[in-house]
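Chain and residue survey
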Amino acid sequence: MPSLGLNEFPPLAKGLAGLLLFGGAASHFKPIKAALGLVAARATARPWTLLSCAFLSDSFLTALAYAVAVLFLARIVEPIHGARELLKYLSGVIVLTSFLTVAVVTVLYYATVTSEQSSHKEGLSHAGDILFRPMGGFEAGAAALLVAVKQLIPDNEVALLGGALRFRAKHLPGLYVVLMAAGSLLLGGAVRVIPFTLFGTYLGWAYLRFLQTRNGVRGDLSEEFRLASFFPQPLQPPIDRAAGAMTRLTGLGAGSAASQQQQAGSYYGLGGATLPGSDAGDAARRRERGAKALEERLGLKKAGATGVAGLPGAPAPAGSNGSAAAAGAASGAAVQAADAGEQQDLEAGGEE
């Protein structure tokens, strides 16, 4: 694979990477971390921290790993979604994730207080640490980018560890969630890492599935992008049933389908016609066209080789916080897999 210079990456990706590096360096200064970090007890009085907290890190190496991940993942997503849409998508996911994390931390605080009041009063100050400790991290943003990659190039085969580990790009979000959850439970930081990662993944999927409008089509109701596709095969049937019940309860999926049918009627003038992209076959064709457009915009050259090209690995952080180290390692692996899978699929698509 040819080496990539900074000019090969879109401006938004470089801007986000720069903010992550700045936040990683600034996090070592307590006044800056206190001003920009998400503090559950003060979130309503300082609403900007719902967004600014995403650019803080416990170590500079963690920030560097996420900066590299953003450069490569945004290089895949931005040409299709556009800079403005991608910025809106990431900002919305991060802000809503921070809000929901504040709710989770608040509930944990009162649950801890109630438990410790029944035993001894000395534990109250320890419980208060949860509510007043500044939080930060780009877990939600990274999860949202991986969900977007899953939507765009789900069937790409990617390889890690010299080809010893192979999987499809559609498994990247699930792999990221598992790595982050396991790492934070074993090494610390679960109160922050798990909500950031889970909410970021779910909210990213919900927006792309039901709300985003692209090429006149609202949402993506394809089979390959349903909620159950994020889970292992044995768990998919019960997830499908639960998701169907939630769809009937909330009406989200029905609203997107109605929007697609209405758009089809206005486009064709036939009333009952199906809008391109509203069924599984058309959705697959849309992804193929998107992959070709991505190839043209990125200027990638066709290659005769069928192997997966390797990428320079993102450094795995080894900071004092164990959950931060797990975050950096997962992000580095994800960016290698996503970019390698993208190129393999585009090369194969160009030869057909």
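Above this text is the structure in question.
So, the packing of aromatic side chains
Counted according to the given criterion, the structure contains 8 aromatic pairs. Taken together, a centroid distance of 5.2 Å and an interplanar angle of 80° make the contact between Phe9 and Phe72 edge-to-face. Separated by 63 residues along the polypeptide, Phe9 in the segment before α1 (11-26) and Phe72 in helix α4 (residues 60-81) bring together distant segments of the chain. Summarising the aromatic geometry, the rings of Tyr202 and Trp205 are spaced 5.6 Å apart at their centres and angled 45° between planes, so their arrangement reads as tilted. With Tyr202 and Trp205 both in helix α9 (residues 190-211) and 3 residues apart, this pair spans about one turn of that helix. Assessed through its relative accessible area of 45%, Tyr202 is described here as partly exposed. The structure contains a cluster of three or more aromatic residues connected by ring pairs, namely Phe55, Tyr66 and Phe138.

Digging into the packing of helix α8 (residues 172-187) against α9
When two helices pack together, their arrangement is given by the angle between their axes and by how far apart the axes lie. Interaxial distance between α8 and α9 falls to 9 Å at its minimum, and their mutual angle equals 170°. By the criterion of interaxial angle, the relationship of α8 to α9 is roughly antiparallel. Taking contact as the criterion, the partners of Pro173, Tyr176, Val177, Met180, Ala181, Ser184 and Leu185 in α8 are, on α9, Ala190, Val193, Ile194, Thr197, Leu198 and Thr201.

Looking at α4
The end-to-end C-alpha separation of α4 is 29 Å, in line with the 32 Å expected for 22 residues at 1.5 Å each. The sharpest bend along α4 reaches about 40° and sits at Ala74. Of all 22 residues in α4, 18 are buried, a share of seventy percent or more.

Overview of the pattern of salt bridges
Per the counting criterion, the structure on display carries 7 salt bridges. The shortest N-O distance in the salt bridge between Glu139 and Arg192 comes to 2.8 Å. One end of the pair, Glu139, is in helix α7 (residues 139-152); the other, Arg192, is in helix α9, and 53 residues separate them in sequence. When sorted by exposure, Glu139 lands in the same class as Arg192, which is buried.

Let's talk about the packing of α7 against α8
Contact geometry for α7 and α8: axes closest at 8 Å, N-to-C directions at 155°. Comparing their axes, α8 and α7 come out roughly antiparallel. Side by side, α7 and α8 meet where Glu139, Ala142, Ala143, Leu146, Val147, Val149 and Lys150 of the first sit next to Leu172, Pro173, Tyr176 and Met180 of the second.

What to know about the nonpolar core
Judged by nonpolar contacts, the single largest core of 51 residues is most densely connected at Leu86, Tyr89 and Phe138. Put simply, the parts of the chain that give this core at least two residues each are α1, α4, α5 (83-117), α7, β1 (157-160), α8 and α9. Once you skip the residues sitting within four places of it in the chain, Phe138 turns out to touch Leu20, Ala54, Phe55, Tyr66, Val70 and Ile94. In this structure, Leu38, Leu50, Val105 and Phe196 belong to the second largest nonpolar core, which totals 13 residues.

Looking at the pairing of strand β2 (residues 165-168)
Within a regular strand, the side chains alternate between the two sheet faces. Examined bridge by bridge, β1 and β2 share 4 bridges and lie antiparallel to one another. Its bridge partner being in β2, Val158 is matched across the sheet by Phe167. Connecting β1 to the antiparallel partner β2 that follows it, the hairpin turn spans 4 residues, and Leu161 within it adopts a positive phi of roughly 55°.

Definitions and limits used
Residues numbered from 1 in each chain as written. Predicted model: local features only at pLDDT ≥ 70, side-chain atom pairs only at ≥ 80, totals over all residues. Heavy atoms only, no water. Phe/Tyr/Trp six-rings, centres within 6.5 Å; stacked < 30°, edge-to-face > 60°. Helix = DSSP H or I, 4+ residues; strand = E, 2+ residues; numbered from the N terminus. Buried < 20%, exposed > 50% of the residue type's maximum accessible area, 1.4 Å probe, protein only. Axes fitted to C-alpha atoms, helices over the stretch in contact; angles between N-to-C directions. Parallel < 35°, antiparallel > 145°, perpendicular 65-115°, else oblique. Contact = heavy atoms within 4.5 Å. Expected span 1.5 Å × (residues − 1). Bend = angle between axes of the 7 residues up to and from the residue. Salt bridge = Lys/Arg side-chain N within 4 Å of Asp/Glu carboxyl O. Core = buried A, V, L, I, M, F, W, Y, C linked by side-chain atoms within 4.5 Å. Pairing = 2+ DSSP bridges.

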